[in-house]
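In case you want the letters, here they are:
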Protein chains: 2
Amino acid sequence: MKLAQNINLAVDGIIFGYEDQSLFVLLIKQKYGSQKGKWALPGGFVLDNEKLIDAVKREVREETGVKVQYLEQLYTFGDNIDRDPRFRVVSVAYFGTVNPKHMILNPTTDALEAKWYAIDTIPKLAFDHSDIIKVALERLRSKLNYQPIGFNLLDSKFPFSDLEQLYMTILDQKIDRRNFRKKVLSLGFVEETDEFRKSGSGRPGKLFRFNSKKYKELEKKGINLDIKFA
Amino acid sequence: MKLAQNINLAVDGIIFGYEDQSLFVLLIKQKYGSQKGKWALPGGFVLDNEKLIDAVKREVREETGVKVQYLEQLYTFGDNIDRDPRFRVVSVAYFGTVNPKHMILNPTTDALEAKWYAIDTIPKLAFDHSDIIKVALERLRSKLNYQPIGFNLLDSKFPFSDLEQLYMTILDQKIDRRNFRKKVLSLGFVEETDEFRKSGSGRPGKLFRFNSKKYKELEKKGINLDIKFA
């Protein structure tokens, strides 16, 4: 049943990826509608019997081909009444992080094209999607300090410098590496392996991996990395 | 314009109050509907041309008489499709804190009665409102560590022990008072005044007040009180 209420409910997904020291967002080129041809976040209307979380996963999958395991609710955008020029749409935005490596983009349904855009090369987007990305990026940055992040963004084994670089890229600032390493290792969500990897001309570096159990524990409980900048 | 989508959009408000070392939530007794007579959070449907934030402020004011200055979006509840037995309702929940002193409750429209319930005396609520309060309480607790809280909950001038007690009440745990005092005063969002207040049989204690400028600065930037428990 529907009340006499003229509000449409949508979901949008902000999918962050990380590769080669750059942070990316997954965007699609719109196939239909008043904003046809413009780039936008993947998203769309919620079906009547569909959970919000299922709706956003479906829309991301349909429009980009990417299956995201974990998405977190970011914010519901409904204060700008005219955010969609067609009619009123309130959108529940979700964000998540994935490792784009080996991902084949496969746009269908409402998307002409799907593409990873480096955060500093994003074109002018449809609707208020540029603002939504800003909010998501702020949330991601503030989460860095009080939740371990990176599990989905790095390879399963990585040199410690990759984690440092990931944090510096997201924060867009140099960090005190010594302090960071000490803090991360003392919390126990990253642990040494016995393997080494040679990178560049230096001597081979030890590889690290996430301790998933500890990671999930800390993710729930919250931490404070208290990151110092360099 | 409305798509062929049978989803109704509502807002709910979780208003926390604090008095006499207890944390309260503002509830209303439902006048109409399938859950008539049950206690619930103040809230209702969003009007077509109304911002979400205006909708929740209006509903709280209409159903309880309480005017809330600042509310923060908590979460949008839309994964439990049958959360309302009548039809599908997705609700955007907002929470805020007020000092209930001198507040006159004045229920109108959809509310028969409005009342502050101490957090440990809340009856079984309509819909999924008990779950919503749980989420709000978790958020309030986790915010204590990384945002200064209390500005709206305490008198404008207060003995330092009132702030300690507020934190212990919300956290439902004893804290290391010495560590807490040192940390709070070093951050500068609470400052000493020249006034004293006599309370109980002890010697009069110094009164403190919030430094609003510093408070707002820290609220935006985030802090880490790193509260130690006793």
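Residues numbered from 1 in each chain as written. Chains lettered and ligands numbered in written order. Predicted model: local features only at pLDDT ≥ 70, side-chain atom pairs only at ≥ 80, totals over all residues.

Visitor: Help me understand the pairing of strand 6 (residues 89–98) of chain B, please; the structure alone is not making it clear to me.
Guide: Look at any regular strand and the pattern is simple: side chains alternate between the two faces of the sheet. Residue and element names in this part refer to chain B. Counting buried positions along strand 6 yields 10 of 10 residues, so the element is predominantly enclosed. Of the two faces of strand 6, both are covered, the one formed by Val89, Ser91, Ala93, Phe95 and Thr97 as well as the one formed by Val90, Val92, Tyr94, Gly96 and Val98. For strand 1 (residues 8–19) and strand 6, the ladder comprises 10 bridges, and the chain directions are parallel. When the sheet's bridge partners are listed, Asn8 is paired in strand 6 with Val89. Bridge analysis of strand 5 (residues 72–77) against strand 6 gives five bridges, and the strand direction is antiparallel. When the sheet's bridge partners are listed, Tyr75 is paired in strand 6 with Ala93. (Buried ≥ 20, exposed ≤ 12 C-beta atoms within 10 Å, placed from the backbone. Helix = DSSP H or I, 4+ residues; strand = E, 2+ residues; numbered from the N terminus. Pairing = 2+ DSSP bridges.)

Visitor: Please clarify how the domain arrangement of chain A should be interpreted in this entry.
Guide: For an interface, size is often stated in terms of accessible area lost upon the parts coming together. All names here are of chain A. As assigned here, chain A comprises domain 1 (8–143) and domain 2 (147–221). Using C-alpha coordinates to define each centre, domain 1 is positioned 28 Å away from domain 2. Of the residues lining the interface, 10 residues belong to domain 1; the matching set on domain 2 comes to nine residues. Of all elements in the fold, only strand 2 (22–30), strand 6 (89–98) and helix 2 (129–146) reach the threshold of two or more residues within the side of domain 1 that touches domain 2. Here the side of domain 1 that touches domain 2 gets three residues from one element, more than from any other, and that element is helix 2. (Domains from an automatic or database assignment. Contact = placed C-beta atoms within 7 Å.)

Visitor: So what exactly am I meant to see when it comes to the nonpolar core here?
Guide: In globular proteins that are soluble, nonpolar side chains generally tend to be buried together. The biggest cluster of nonpolar side chains holds 108 residues, and the ones touching the most others in it are Ile14(A), Ile15(A), Ile14(B) and Ile15(B). Aside from chain neighbours lying at most four places away, what touches Ile14(A) is Val25(A), Leu41(A), Leu74(A), Ala93(A), Phe95(A), Ile132(A), Ile133(A) and Ala136(A). (Core = buried A, V, L, I, M, F, W, Y, C linked by C-beta atoms within 7 Å.)

Visitor: Looking at this model, I keep getting lost on the interface of chain B and chain A. Mind explaining?
Guide: Tallying the contact residues gives 31 residues for chain B and 31 residues for chain A. The biggest single contributor to the side of chain B that touches chain A is strand 5 of chain B, with three residues. Here the residues of the side of chain B that touches chain A are counted per class, giving 14 nonpolar, 10 polar and seven charged. (Nonpolar A, V, L, I, M, F, W, Y, C, P; charged D, E, K, R; others polar.)

Visitor: Help me understand the sheet that holds strand 10 (residues 205–210) of chain B, please; the structure alone is not making it clear to me.
Guide: Remark on secondary structure: sheet strands pair via backbone hydrogen bonds, oriented parallel or antiparallel. Residue and element names in this part refer to chain B. Ordered by their spatial adjacency, three strands build an open sheet running 8-10-9, and the pairing between neighbours is antiparallel. The two strands at the open ends of the sheet, each matched to only one other strand, are strand 8 (158–159) and strand 9 (190–197). Here strand 9 pairs with strand 10 via five bridges, running antiparallel. Counted as the bridge partner of Val190 is Phe210 from strand 10.

Visitor: Just to check I follow, could you spell out the relation of the copies chain B and chain A for this structure?
Guide: Mapping chain B onto chain A calls for a rotation angle of 180° and an axial translation of 0.0 Å; the resulting RMSD is 0.0 Å. Such a turn and shift between the copies fits a two-fold axis. (Least-squares fit on C-alpha atoms with pLDDT ≥ 70 in both.)

Visitor: Explanation requested: the packing of helix 2 (residues 129–146) of chain B against helix 3 (residues 160–171) of chain B in the structure shown.
Guide: In a pair of packed helices, the angle between the axes and the distance between the axes together describe the arrangement. Residue and element names in this part refer to chain B. Put simply, helix 2 and helix 3 touch, their axes get as near as 9 Å, and they point 140° apart. Classified by the angle between their axes, helix 2 and helix 3 sit oblique to one another. Pair helix 2 / helix 3 crosses with left-handed handedness. Across the interface between the two elements, Leu140, Arg141 and Leu144 from helix 2 touch Tyr167, Ile170 and Leu171 from helix 3. Tallied by class, residues from the contact of helix 2 with helix 3 come to five nonpolar, no polar and one charged. (Axes fitted to C-alpha atoms, helices over the stretch in contact; angles between N-to-C directions. Parallel < 35°, antiparallel > 145°, perpendicular 65-115°, else oblique. Left-handed = near helix turned anticlockwise from the far one by under 90°.)

Visitor: I keep staring at the sheet that holds strand 10 (residues 205–210) of chain A and nothing clicks. Help me out?
Guide: All names here are of chain A. Spatial ordering of the open sheet is given by 8-10-9, a layout of three strands whose pairing is antiparallel. Each having just a single partner strand, strand 8 (158–159) and strand 9 (190–197) make up the two edges of the open sheet. Direction of pairing for strand 8 relative to strand 10: antiparallel, over a ladder of two bridges. Residue pairing across strands places Pro159 opposite Leu207, the latter belonging to strand 10.

Visitor: When you look at helix 3 of chain B in this model, what are you seeing that I'm missing?
Guide: Working note: α-helix, 3.6 residues per turn, so residues spaced by three or four point in the same direction. All names here are of chain B. Taking 1.5 Å per residue as the helical rise, helix 3 with its 12 residues ought to reach 16 Å, and the 17 Å between its terminal C-alpha atoms agrees with that figure. For helix 3, every residue scored as buried is listed here: Asp162, Leu163, Tyr167 and Ile170. Looking down the long axis of helix 3, one finds its buried residues gathered within 135° of arc, a one-sided arrangement. On its buried side, helix 3 packs onto strand 2 (22–30), helix 2, strand 8, helix 4 (177–187) and strand 9. Positioned one or two residues after helix 3, Asp172 has a phi angle of 55°, which is positive. (Expected span 1.5 Å × (residues − 1). Arc of directions from axis to C-beta.)

Visitor: Just checking my understanding: could you explain unusual backbone geometry for this structure?
Guide: Across residues other than glycine, the phi torsion is negative in most instances, and most of the peptide bonds are trans. Positive phi outside glycine occurs at Phe127(A), with the angle close to 50°. Tracing the backbone through its elements, the reader meets Phe127(A) in the loop between strand 7 (111–118) and helix 2.

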